Structures are given as structure tokens and as C-alpha cells.
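Here is how the chains run, residue by residue.
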Amino acid sequence: LTLNVLLSFAQFEREQVAERIRDKIAATRKKGKYIGGVPPLGYDVDRLAKRLVVSPGEALLVRQIFRRFLELGCAVKLIKELNESGYRTKGWLTKKGRQRPGQTWHKNNIYRMLRNPLYIGKVEYKGEIYAGEQEPIIDQALWDHVQKAIAVPARTRGNRNRSQTPGLLRGILRCGHCGTSMAVHFTERHGRQY
């Protein structure tokens, strides 16, 4: 009986500690403070002040990524462009001093970045947006344009690009086996497109 009473108190205390931690994290996020984790591209961590500060060189790359996504209308083309130019995701140093190098770009990196309200000076916590402590990198107008572009499904954006491609039998010629429409492909040789 004594053991059961002690176990009940231990479980109650554990639940109280977990609840206090959750409340503390929620209060910190609602104040717009940085609570740790992998720093996003464009920001460095000021460990003494426990906040994010803008990294000027990376901030230029962030602005370029947002603008190029609007111009290209396609994450895959943007990823190819970034990787061919030698750009990598955020490389950072852990609190224990371990170096985490940047990786090649993938679709998830791009879409996570484009949807992150941190870049307009805000913080997201459980679906709610709060004002953040960090300085914004992207202005609200550019953010809104990118969010509208992301809202359009990728397949629709791809169809829009394909509809601009000249092809005599485009939309008419279909595969005899599966019924899908045939695509127009090009090759380049000696500066001419065939």
C-alpha cells in the first residue's frame, strides 16, 4: 500500500513537471523568443542573448531564394540552380562545439524555408503566429506573393509552364499503351535547339 502511494505521488510529480515545461515553452514562443534547435538559413544564434541575429551574407541568399521561386514558379528548377551554383543549406556549430556542415538542397528544405514565418519577423507555435524578437529578412509583400504561389498545387504550376512550350501536337498526341499525353523534349547542339 505504501509503495502504491509513493508510485502515485511520483507519477503525479512527473506529470506536473512535464506540464510546467510545456507551459514554459509555450510562454517563451508566445513572447517570440528563440528556444533552440537548428538555426534557420539567414540567422545566427547569439548564445549570450539567446536570440537570432541576421547573418548578412546568408540573408542575401534567402532573399534570392524567395525571388527566384517567384520567377521560376518551380521548386525543382530552383533546387537545381542552387546546387549547381554551389550553395548549401545552413551549416552550424552546436553548443557542444560540433560542426554540422550544410547539405545539398532538396524540396523539403525549400518548402520549409518558404513557409517559415521567421523570415518576416514572426514565430509559429502550434498553428498560431506571434510577433518574434528577430529582425525580418523578407518584407511582407514578397512573403504574401510567395505564399500565394505555394498555395497553387505544384502540378498546376507545372502545367502552366508546359502550356507555354511550343509543340505542334501538344495535347493531342497520346501514348497508345497508358493514354497519357506525350511531352515535348528538346536537345541542344552547337548552340541550336532541336
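Note that the coordinates shown come from a computational prediction; the quantities given were computed from them, not determined experimentally. (Residues numbered from 1 in each chain as written. Predicted model: local features only at pLDDT ≥ 70, side-chain atom pairs only at ≥ 80, totals over all residues. Heavy atoms only, no water.)

Draft legend 1. Structural view of the packing of aromatic side chains. Overall, the coordinates contain four aromatic pairs when judged by the stated rule. Seen in terms of ring centroids, Phe-66 and Tyr-119 are 5.9 Å apart; in terms of plane orientation they differ by 65 degrees. Their pairing is edge-to-face. Of the two residues, Phe-66 sits in helix α2 (residues 56–72) while Tyr-119 sits in the loop between α4 (107–114) and β5 (122–125), which places them 53 residues apart along the sequence. Both residues of the pair, Phe-66 and Tyr-119, count as buried. Where Phe-69 meets Tyr-111, the ring centres are 6.3 Å apart and the plane angle is 80 degrees; that geometry is what we call edge-to-face. Residue Phe-69 is found in helix α2, and its partner Tyr-111 is found in helix α4; the two are separated by 42 residues along the sequence. Each of the two residues, Phe-69 as well as Tyr-111, counts as buried. (Phe/Tyr/Trp six-rings, centres within 6.5 Å; stacked < 30°, edge-to-face > 60°. Helix = DSSP H or I, 4+ residues; strand = E, 2+ residues; numbered from the N terminus. Buried < 20%, exposed > 50% of the residue type's maximum accessible area, 1.4 Å probe, protein only.)

Draft legend 2. Structural view of helix α1 (residues 2–30). With 29 residues, α1 should reach 42 Å at 1.5 Å per residue; the first-to-last C-alpha distance of 42 Å fits that figure. Ala-26, Thr-28 and Arg-29 are the residues of α1 that are buried. Its buried side turned inward, α1 meets β5 and β6 (128–131). (Expected span 1.5 Å × (residues − 1). Contact = heavy atoms within 4.5 Å.)

Draft legend 3. How the structure looks around the side chain of Thr-28. Structurally, the position occupied by Thr-28 is in helix α1. Among the polar contacts made by the side chain of Thr-28, one reaches the main-chain carbonyl oxygen of Lys-24 at a distance of 2.8 Å. When neighbours within four sequence positions are excluded, Thr-28 is seen to be in contact with Lys-33 and Ile-35. (Polar contact = N/O pair within 3.5 Å; in protein donor to acceptor, adjacent residues only side chain to side chain.)

Draft legend 4. Focus on unusual backbone geometry. Despite not being glycine, Lys-50 has its phi angle at roughly 55 degrees, a positive value. Despite not being glycine, Lys-126 shows a phi value in the positive range, around 50 degrees. Looking at the element boundaries, Lys-126 is found in the loop between β5 and β6.

Draft legend 5. Structural view of the side chain of Gln-134. One can find Gln-134 in the loop between β6 and α5 (140–151). A relative accessible area of 6% means that Gln-134 is categorised as buried. From its side chain, Gln-134 meets the backbone oxygen of Leu-118 in a polar contact 3.2 Å long. Only 3.1 Å separates the side chain of Gln-134 from the backbone oxygen of Lys-122, close enough to count as a polar contact. Those residues in contact with Gln-134 that lie beyond four places of it in its chain are Gly-32, Tyr-43, Arg-51, Leu-52, Leu-118, Gly-121, Lys-122 and Val-123.

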